Amino acid sequence: MFAFNMTKSIFKNLFTKSPAARASLAKKEFKRNTRGKIDINIESCVFCGICQKKCPTGAISVNRTDKKWEIERLKCITCGYCVEACPKKCLSMGNEYSGPALSKDKEVFKNARVLDNATNS
């Protein structure tokens, strides 16, 4: 009897997809309060540097003279302190995660567009 039950389980597992495989193909729906990627509306930024001061990991750097805002995504812990502290509310936190990083790059924002990815050694 045991061999029959085991054979039944083997055939069942051979011809059905595992729950993990089904879950990986399903579209992820994030909750409203999920912490995700930090976004900036550079056009409304006044480059005050408060976000840089509030960042506990030092992931954000602001250069007021060059009107440049930079973020290192690998250092960011998505705590949201910068979003809360921004006086112009130009920072926002989406509820979707950023993609995996392949290198330690800084995202540089100036004049409402991403300029370049400066490699950080």
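Scroll up to find the structure this text is about.
The shown structure was predicted, so the numbers you read here are calculated from the model rather than taken from an experiment.

Visitor: Summarise empty space enclosed by the protein; cite the residues concerned and give the values.
Guide: Evaluated as defined, the whole model comprises two cavities of 30 Å³ or more. One number sums up the size of the largest cavity: a volume of about 90 Å³. Around the largest cavity, the lining is made up of 16 residues, and of these Cys 45, Cys 48, Cys 51, Cys 86 and Cys 90 lie nearest the centre. Residue classes in the lining of the largest cavity are distributed as 13 nonpolar, two polar and one charged. The space that makes up the second largest cavity amounts to roughly 50 Å³. Together, Ile 38, Cys 55, Thr 57, Ile 60, Ile 71, Cys 76, Ile 77, Thr 78, Cys 79, Gly 80 and Cys 82 line the second largest cavity.

Visitor: Describe a nonpolar patch on the surface, and please don't skip the residues or the numbers.
Guide: On the surface, Met 6, Ile 10, Phe 11, Leu 14 and Phe 15 cluster together to form a nonpolar patch covering roughly 570 Å² of accessible area. With respect to the helices, strands and loops of the structure, Phe 11 is situated in helix 1 (residues 2–14). Exposure remark for Phe 11: the relative accessible area of 47% places this residue in the partly exposed category.

Calculation rules
- Within any chain, residue numbers begin from 1 and follow the written order of that chain's sequence.
- Under the rules for a predicted model, residues below a pLDDT of 70 receive no local features and side-chain atom pairs below 80 are neither given nor counted, while totals for whole chains, interfaces and linings still include all residues.
- Only hydrogens and water are set aside when side-chain values are computed; all heavy atoms of the structure are taken into account.
- In this analysis a 1.4 Å probe is tested at points of a 1 Å grid over the protein atoms alone, and where it fits but cannot get out there is a cavity; an open set with protein on both sides within 12 Å along at least five of seven lines is a pocket; lining residues have an atom within 4 Å of a point.
- Grid points are joined across faces, edges and corners, and a volume is the space filled by probe spheres set on the points.
- Three residue categories are used. Nonpolar comprises Ala, Val, Leu, Ile, Met, Phe, Trp, Tyr, Cys and Pro, charged comprises Asp, Glu, Lys and Arg, and polar comprises the others, including Gly.
- The patches reported here contain residues having more than 30% relative accessible area and no salt bridge. Joining distances are 9 Å for like charges and 5 Å for nonpolar side chains (Val, Leu, Ile, Met, Phe, Trp, Tyr).
- The method behind every accessible area is Shrake-Rupley, applied with a 1.4 Å probe, and residues are considered shielded solely by the protein chains displayed.
- A side-chain nitrogen of Lys or Arg and a carboxyl oxygen of Asp or Glu constitute a salt bridge if their distance falls within 4 Å.
- The way it works is that DSSP assigns letters per residue, a run of H or I at least four long becomes a helix, a run of E at least two long becomes a strand, and they are numbered from the N terminus.
- Accessible area is worked out with a 1.4 Å probe on protein chains only. A residue is then buried under 20% of its type maximum, exposed over 50%, and partly exposed in between.

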